[in-house]
Amino acid sequence: MIDLDRERLVELMTEQAEIGTTADGGLDRQALTDADRDARDWFRDRLEEAGLEVRIDAIGNVFGRREGTDPDAAPILVGSHLDSQPNGGIYDGALGVVAALELVFALNDAGIETVHPIEVVDWTNEEGTRFQPGLQGSGVWVGEYDLETQYETTDAEGRRLEDELERIGYLGETPAEPQEPYEAYLELHVEQGPRLDRSSADVGVVTGVVGITWGELTFQGEANHSGTTPMHYRNDALVAAADVATAVRRIAASLGSDTVGTVGSVDVAPNSINVVPGEVTMTWGFRDPDDGVIERAREEVVAEANRAADREGVALEYEETMRTSSVDFADRCVETVDAVAEDLGYERLRLESGAGHDAMHLASVTDAGMVFAVSEDGVSHSPEEYTSWDDCYAAAETLANAAVRLAEPVTD
Ligand SMILES: [Zn+2]
């Protein structure tokens, strides 16, 4: 087992948290802003300090490589993202990048060589707030997104992604794709949900990422005077929409304990106290680890919407706007993370991630796995986000030892 330096871990976390800090102690380090550039510069300095060979690719992903003893062995990739939401917390993906850094510092301190090279990575624009889509750097790298298309994405001020990469000095020369086959990818991230905090577990062993269906429903009724239109003459788009909003909760409950369903956005027109609602556009969103359940949720919400439209005499249009398949992480990675955490004496909880992560993309090109750190009260994307140093350390120690186990330490 490899020992991390707890003080250095805290110091690294504290250093990065001082870049892009907001008045309330959170972070505003959106992708390719000056703050993101400063965080990248800081990361690059640490990689160089650890003696790693740094390379930057064409979508701005930053890699540091620590060579292994076998020139033919495939690398183990470890990392996460340093960018944040506009009003995010200091842990999020940054903890994963810092833990990967601490891993290489600790290997250096202990003079441990590994058979496989170890690479540390900071992925570009995981959050997807300034430029969409999120998970952009890892998406290009695995071939899910086209580089040239992503270069043309713009922020709210119309600035192109490629121009911003160049402006901050991170339009790299390495092609944005794997330069060789990889052995595995491991990522530490805060859970962003309450399950670990509400259990007695110290670390989360992530088994996969849930699938998603998002869609939009539009009910077209008839806007009319609310004082003069008798109740039985009404075609009220909002009444149909309200039925669907409550149906979404029932559908989620009926499909399984892991299913979550949400109507997060409703747009009522004309939205006046004195007018029967003529048109309502609303969204649905379901997530579940099982793609069959996702498909059933979509079918059921559309069926409920049709029934609601019939009852109220309004027209319905619908569209599924996004669907992502669930991702199962590689057994080898899940088992390694679990076994290492057990050997370290930590109590583990196996869970699926309800949020998307770069690891989800990586799973299409290599064996991928994740470690979750406890999020106190499940709060994230907020200055209130908090993970105790003990929980940061437990997750970092698990990540580091899982990576070393996969990288095969050289013993003589
Ligand atoms: Zn994140």
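The rules behind each value
Every chain begins its residue count from 1, and numbering advances along the sequence as written. Only residues with pLDDT of at least 70 are given local features in this predicted model, and only at 80 or more are side-chain atom pairs given and counted; all residues enter the totals for whole chains, interfaces and linings. Only hydrogens and water are removed before side-chain values are computed, so all heavy atoms of the structure are retained for them. By definition, any uninterrupted DSSP run of H or I lasting at least four residues is a helix, any uninterrupted run of E lasting at least two residues is a strand, and each is numbered from the N terminus. What the globule rule says is 2.2 Å times the number of residues to the power 0.38, and the radius of gyration is computed from C-alpha atoms. Each residue gets one of three labels from its accessible area relative to the maximum for its type: buried under 20%, exposed over 50%, partly exposed in between, using a 1.4 Å probe on protein chains only. Working rule for contacts: check all heavy atoms of both residues, and any pair within 4.5 Å makes them a contact. The rule for donors is simple: an N, O or S atom within 2.8 Å of the metal counts, and for Na, K and Ca the reach is 3.2 Å. Water is not among the atoms, so a site may look short of donors. Note that domain bounds follow an automatic or database assignment of domains. Buried area is a sum: the accessible area each of two parts loses on coming together, probed at 1.4 Å, counted once for each and added. In protein, a polar contact means a hydrogen-donor-capable atom and an acceptor-capable atom, both N or O and within 3.5 Å, with residues adjacent in sequence counting only if both atoms are side-chain atoms; elsewhere, any N or O pair within 3.5 Å suffices. In this classification, Asp, Glu, Lys and Arg are treated as charged, Ala, Val, Leu, Ile, Met, Phe, Trp, Tyr, Cys and Pro as nonpolar, and every other residue, Gly included, as polar. For each structure, a 1 Å grid was placed over the protein atoms alone; sets of points admitting a 1.4 Å probe that cannot get out are labelled cavities, open sets with protein on both sides within 12 Å along at least five of seven lines are labelled pockets, and lining residues have an atom within 4 Å of a point. Grid points are joined across faces, edges and corners, and a volume is the space filled by probe spheres set on the points. For salt bridges, the criterion is a side-chain nitrogen of Lys or Arg within 4 Å of an Asp or Glu carboxyl oxygen. DSSP calls a pair of strands paired once it identifies at least 2 bridges connecting them. Here, axes are lines fitted to C-alpha atoms. For helices the fit covers the stretch in contact, and angles between N-to-C directions go from 0 to 180 degrees. Oblique is the label for any angle not under 35 degrees, not over 145, and not in the 65 to 115 range, which are roughly parallel, roughly antiparallel and roughly perpendicular in turn. Handedness of a helix crossing follows the sense of rotation of the near helix relative to the far helix, less than a right angle counterclockwise being left-handed and clockwise being right-handed.

Asks: Kindly report on the overall build of the protein chain, identifying the contributing residues and their values.
Replies: Of the regular secondary structure elements, the protein chain holds twelve helices and 16 strands. For 412 residues, the compact-globule estimate of 2.2 N^0.38 gives 22 Å, and the C-alpha radius of gyration of the protein chain, at 24 Å, lies within 12% of that figure. Summarising its shape, the C-alpha atoms of the protein chain cover approximately 85 × 45 × 40 Å along the three principal directions. Evaluated residue by residue, the protein chain yields a buried proportion of 55% over its 412 residues. Look at the contacts in the protein chain between residues 6 or more apart in sequence, and 79% of them connect residues 24 or more apart.

Asks: Break down the environment of Ala 305 for me, citing the residues and quoting the values.
Replies: Mapping Ala 305 onto the fold places it in helix α9 (residues 291–312). On the basis of relative accessible area, Ala 305 is assigned to the buried category, the value being 0%. On a C-alpha basis, the gap between Ala 305 and Arg 40 in space is 47 Å, while along the polypeptide they are 265 residues apart. Leave out the neighbours within four places in its chain, and Ala 305 touches Leu 217, Phe 219, Val 244 and Leu 316.

Asks: Explain the coordination of the zinc ion residue by residue, including any values.
Replies: Six octahedral donors around a metal ideally sit at 90 or 180 degrees from one another, while four tetrahedral donors ideally sit at 109.5 degrees. Those protein atoms acting as donors to the zinc ion are His 81 (NE2), Asp 92 (OD) and His 189 (NE2), and they sit at 2.0 to 2.1 Å. Within one chain, the residues donating to the zinc ion are spaced in sequence as H-x10-D-x96-H. Of the two residues, His 81 sits in the loop between β3 (76–80) and α3 (94–110) while His 189 sits in strand β5 (residues 184–190), which places them 108 residues apart along the sequence. Both residues of the pair, His 81 and His 189, belong to the buried class.

Asks: Which residues make up the domain arrangement of the protein chain, and what values go with them?
Replies: Much of the literature gives interface size as the accessible area that the parts lose upon coming together. What the domain assignment reports for the protein chain is domain 1 (6–210 + 326–407) and domain 2 (211–324). Computed from C-alpha coordinates alone, the two centres of domain 1 and domain 2 are separated by 37 Å. Facing six residues of domain 1, the contacting portion of domain 2 comprises seven residues. Carbon and sulfur atoms supply 46% of the area that domain 1 and domain 2 bury against each other, a total of about 510 Å² over both sides. Across the contact surface, domain 1 and domain 2 share three residue pairs in polar contact (both at pLDDT 80 or more). Residue classes in the side of domain 1 that touches domain 2 are distributed as three nonpolar, two polar and one charged.

Asks: Let's hear about empty space enclosed by the protein: which residues, and what values?
Replies: Summed over all chains, the structure comprises one cavity of 30 Å³ or more. In this model, the largest cavity occupies a volume close to 40 Å³. Per-class residue counts for the lining of the largest cavity are five nonpolar, four polar and three charged.

Asks: I'd love a proper account of unusual backbone geometry, names of residues and values included.
Replies: Cis rather than trans, the peptide bond between Gln 132 and Pro 133 has omega equal to 5°. Locating Pro 133 in the fold gives a position in the loop between β4 (118–122) and α4 (136–141). The phi dihedral of Asn 125 is positive, around 45°, even though this residue is not glycine. Position of Asn 125 relative to the elements: it lies in the loop between β4 and α4. A positive phi angle, near 55°, is found at Leu 135, a position not held by glycine. Among the structural elements, Leu 135 can be located in the loop between β4 and α4.

Asks: How would you sum up the pattern of salt bridges? Please name residues and give values.
Replies: All chains considered together, the criterion is met by 33 salt bridges. Between Arg 8 and Asp 109 there is a salt bridge; the shortest N-O distance is 3.0 Å. In this pair, Arg 8 sits in helix α1 (residues 6–17) while Asp 109 sits in helix α3, placing the two residues 101 residues apart along the sequence. For Arg 159, the salt bridge is made with Asp 155, and the minimal N-O distance between the two is 3.2 Å. Residue classification places Arg 159 among the partly exposed positions, given a relative accessible area of 38%. Since its relative accessible area comes to 7%, Asp 155 is described here as buried.

Asks: Explain the pairing of strand β12 (residues 279–288) residue by residue, including any values.
Replies: β12 sits mainly inside the fold: seven of its ten residues count as buried. When strand β7 (residues 211–220) meets β12, the two strands line up antiparallel, connected through ten bridges. Looking at β12, one finds that Leu 217 is bridged to Met 282. Strand direction decides the pairing type here: strand β10 (residues 266–269) and β12, joined by four bridges, are antiparallel. Looking across to β12, one finds that Ala 269 is bridged to Glu 279.

Asks: So what about the packing of helix α8 (residues 237–255) against α9? Which residues, and what values?
Replies: Between α8 and α9, the shortest axis-to-axis distance is 9 Å and the interhelical angle comes to 150°. Here α9 runs roughly antiparallel to α8, going by the angle between their axes. Here α8 runs over α9; the crossing is right-handed. Contact with α8, carried on its side by Val 239, Ala 240, Asp 243, Val 244, Ala 247, Val 248, Arg 250, Ile 251, Ser 254 and Leu 255, involves Val 293, Arg 296, Ala 297, Glu 300, Val 301, Glu 304, Ala 305, Ala 308, Ala 309, Arg 311 and Glu 312 of α9 and no other residues of that element. Residue composition of the contact of α8 with α9, grouped by class: 13 nonpolar, one polar and seven charged.

Asks: An account of the environment of Asn 61 is needed here, citing residue identities and associated values.
Replies: Along the polypeptide, Asn 61 turns up in the loop between β1 (53–56) and β2 (62–66). Along the backbone, Asn 61 and Met 370 are 309 residues apart, and their C-alpha atoms lie at a distance of 19 Å. The contacts of Asn 61, once residues within four sequence positions are left out, are Arg 55, Ile 56, Asp 122, Trp 123, Thr 124, Gly 137, Ser 138 and Trp 141. Of note is the side chain of Asn 61, whose polar atom sits 2.9 Å from the backbone nitrogen of Thr 124.

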